[in-house]
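As a plain string of letters, each chain reads:
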Amino acid sequence: MGDTSRLCSVWLGSETGILKGVSLSRKQAFNFCNTSHLSRDQEVRALCWGDPAESELLVGSVDGTVKTFSTEKGAFTETRRYGEPAEGCFTGLAVLSGSALVTCVECGTLRVWREDSSEAVTELDAGKNVCRMRQSPVHRHKVATGGKENGLKIWDLERPEKPLFTAKNLRDDWLDLRRPQWVRDMAFIPDSEKVVTCTGYHQVHVFDPSSPQRRPVLEVEYGEHPLTALSLPAAGNAVVVGNTHGQIAVLDLRKGLVRGCLKGLVGGVRGLQCHPSQPVVASCGLDRFLRIHGLEDRKLQHKVYLKSRLNCVLLASRDLEDGGGAAGQGGPPEVKEEGDDDELWDTMEQVEERPKRNPEEEEELQKKKSKKRKKEQD
């Protein structure tokens, strides 16, 4: 399936352990796994590119393994264990220069692994209940972590002794009660040192490590439900956030106002990513759909049903509509998905519905049943 995998412009990880690729130009979806050996232990929780050329995809599973998928060969080429299931699921994967891999798990253990070594060369404790780890797109050796009662921390992996920045909790509320922390996702704002986070208490915060203030320099609330994911558009000055009720909004980072909402979702959002150059955002979650929305007109451009609940989404940096070769000739109108549960449906016995009787036949049948009951009573 090497030819088809090169056409995929969107990649997704599912709860069933299937890596899914979607070609928007051909309007087709493909599964890349052995469906006869699927289990919940193979559930995909993290995706990242393995190289700048995007020829390799790293897939983090619940069982602590990271699989390397070749987009050129259309197959998995390597599987390595980078943790134990008891440590929790992967909350982030990142790649450093020199073929080093950064992993972070829910218990807070953050490790740096070399390709030629089975032992971690760097290990640090980011605190308990980590929900997300993100890498800076400019300074690749910097990562951010955060979680439940575990505030934002920024780390320099070249000097991992202590964090570069540790956020301070919000001030007490008007009743002098402590306000809880729950960082669900974060991103580094381009052309600055600022970091934006979203929380399980429907807040969006902007932190500025270059300033002496360790509390948020901007605080915005959106909706009434926990925010689960965020992503930054290529244009900047805005952030796209999604929550547990399928609501997605674009927030202005300068004034803290809602620019607009993206409609169509009916399940909790688990993955969001804005395209690095195009004004579009991809979203996925519990309703099993991949959706592509335009950020300028906020209209739904693509909607693909993928049969499994989805955890994460990853976009290729090239044009989403550029399938290359025959893909540009246009595909079938429906989305085709290979090797999911079609074989199961094909083997099931077909049940035919009985044709409905007309009113006269139904009345005659009722009379016969009534006479039969009277005879039995006599």
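Residues numbered from 1 in each chain as written. Predicted model: local features only at pLDDT ≥ 70, side-chain atom pairs only at ≥ 80, totals over all residues. Heavy atoms only, no water.

**Observations regarding the side chain of His275**
Tracing the backbone through its elements, the reader meets His275 in the loop between β24 (269–274) and β25 (280–285). Accessibility expressed as a relative area gives 1% for His275, which makes it buried. One polar contact links the side chain of His275 to the main-chain amide nitrogen of Ser277, over a distance of 3.1 Å. Non-local contacts of His275, meaning those with residues more than four positions away in its chain, are made with Ala234, Val280, Leu315, Ala316, Ser317, Arg318 and Leu320. (Helix = DSSP H or I, 4+ residues; strand = E, 2+ residues; numbered from the N terminus. Buried < 20%, exposed > 50% of the residue type's maximum accessible area, 1.4 Å probe, protein only. Polar contact = N/O pair within 3.5 Å; in protein donor to acceptor, adjacent residues only side chain to side chain. Contact = heavy atoms within 4.5 Å.)

**What about unusual backbone geometry?**
The backbone of Asp176 sits at a positive phi, close to 60 degrees, despite the residue not being glycine. The residue Asp176 is located in the loop between β15 (165–166) and β16 (183–188) in this model. Judged by its relative accessible area of 63%, Asp176 falls in the exposed class. Its identity as a non-glycine residue notwithstanding, Arg288 has a phi of 70 degrees, on the positive side. Take Arg288: it is sitting in the loop between β25 and β26 (289–294). Its relative accessible area of 31% is what places Arg288 among the partly exposed residues.

**Some thoughts on the packing of aromatic side chains**
How two aromatic rings sit relative to each other is given by the distance of their centres and the angle of their planes. By the definition in use, this model includes eight aromatic pairs. A centroid spacing of 5.1 Å and a plane angle of 55 degrees characterise the contact between Phe289 and Tyr305, whose relative ring orientation is tilted. With Phe289 in strand β26 and Tyr305 in strand β27 (residues 300–305), this pair connects stretches of sequence that are 16 residues apart. Among the residues examined, Tyr305 registers a relative accessible area of 43% and is labelled partly exposed. (Phe/Tyr/Trp six-rings, centres within 6.5 Å; stacked < 30°, edge-to-face > 60°.)

**With respect to the pattern of salt bridges**
For the structure on display, the rule yields 12 salt bridges. Across the pair Arg270 and Glu15 runs a salt bridge whose closest N-O atoms are separated by 2.7 Å. Placement of the pair is Arg270 in strand β24 and Glu15 in the loop between β1 (10–14) and β2 (19–23), with a sequence separation of 255 residues. Across the pair Glu87 and Arg111 runs a salt bridge, and its minimum N-O distance is 2.7 Å. Residue Glu87 is located in the loop between β7 (75–81) and β8 (90–96), and its partner Arg111 is located in strand β10 (residues 109–113); the two are separated by 24 residues in the primary sequence. A relative accessible area of 11% places Arg111 in the buried class. Taken together, the shared-partner salt bridges in this structure form one network comprising Glu15, Arg270 and Arg309. (Salt bridge = Lys/Arg side-chain N within 4 Å of Asp/Glu carboxyl O.)

**Looking at empty space enclosed by the protein**
One pass over the structure, following the stated rule, counts three cavities of 30 Å³ or more. When its volume is computed, the largest cavity comes out at roughly 120 Å³. Lining the largest cavity we find 16 residues, and of these Asn169, Gln181, Val183, His205 and Phe207 sit closest to its centre. For the lining of the largest cavity, the secondary structure elements donating two or more residues are β14 (150–156), β17 (195–199) and β18 (203–207). With three residues, the top contributor of residues to the lining of the largest cavity is β18. When the residues that make up the lining of the largest cavity are grouped by side-chain class, the tally is eight nonpolar, seven polar and one charged. (1 Å grid on protein atoms, 1.4 Å probe; cavity = no way out; pocket = protein on both sides within 12 Å on 5 of 7 lines; lining within 4 Å. Points joined across faces, edges and corners; volume = space filled by probe spheres on them. Nonpolar A, V, L, I, M, F, W, Y, C, P; charged D, E, K, R; others polar.)

**Topic: a positive patch on the surface**
Taken together, Lys367, Lys371, Lys374 and Lys375 make up a surface patch of like positive charges. Tracing the sequence through the fold places Lys375 in helix α3 (residues 359–377). (Patch = residues over 30% accessible without salt bridge, like charges linked within 9 Å, V, L, I, M, F, W, Y side chains within 5 Å. Areas by Shrake-Rupley, 256 points an atom, 1.4 Å probe, with all protein chains shown as cover. Lys, Arg positive; Asp, Glu negative; His and termini not counted. Charge placed at Lys NZ, Arg CZ, Asp CG, Glu CD.)

**Some remarks on the pairing of β25**
In terms of burial, β25 is largely enclosed, as six of its six residues are buried. The alternating pattern of β25 places Val280, Ala282 and Cys284 on one face and Val281, Ser283 and Gly285 on the opposite face, and all of these are buried. Sheet analysis places β24 next to β25, joined by five bridges and oriented antiparallel. When the sheet's bridge partners are listed, Gly271 is paired in β25 with Cys284. Where β24 folds back on β25, the antiparallel hairpin that results is connected by five residues. With four bridges connecting them, β25 and β26 associate as antiparallel partners. Counterpart to Ala282 in the pairing with β26 is Ile292. In this structure, the hairpin formed by β25 and β26 is closed by a connection of three residues, where Arg288 is found at a positive phi of approximately 70 degrees. (Pairing = 2+ DSSP bridges.)

**Here's the deal with a nonpolar patch on the surface**
Side chains of Trp174, Leu175 and Leu177 sit close together on the surface and give an oily, nonpolar patch of about 410 Å² of accessible area. Note that Leu177 resides in the loop between β15 and β16. According to the relative accessible area criterion, Leu177 is partly exposed, its value standing at 46%.

**Topic: the sheet that holds β18**
Two pairing modes exist for strands in a sheet, parallel and antiparallel, and in both the strands are linked by backbone hydrogen bonds. Taken in spatial order, the four strands line up as β16-β17-β18-β19 in an open sheet, and their pairing is antiparallel. At either end of the open sheet lies a strand with only one pairing partner, and these are β16 and β19 (218–221). With direction set aside, neighbouring strand axes in the sheet form an average angle of 15 degrees. (Axes fitted to C-alpha atoms, helices over the stretch in contact; angles between N-to-C directions.)

**Some remarks on the confidence of the model for the chain**
On average, residues of the chain carry a pLDDT of 87, and 88% of them reach 70 or more. This stretch, residues 324–345, has a pLDDT under 50; its non-local contacts, to residues over four places away or in other chains, come to 42 contacts. (pLDDT = per-residue confidence, 0-100.)

**Remarks on the sheet that holds β15**
Read across the open sheet, the four strands follow the order β12-β13-β14-β15; overall the sheet is antiparallel. The open sheet has two edge strands, β12 (130–135) and β15, and neither has a second partner.

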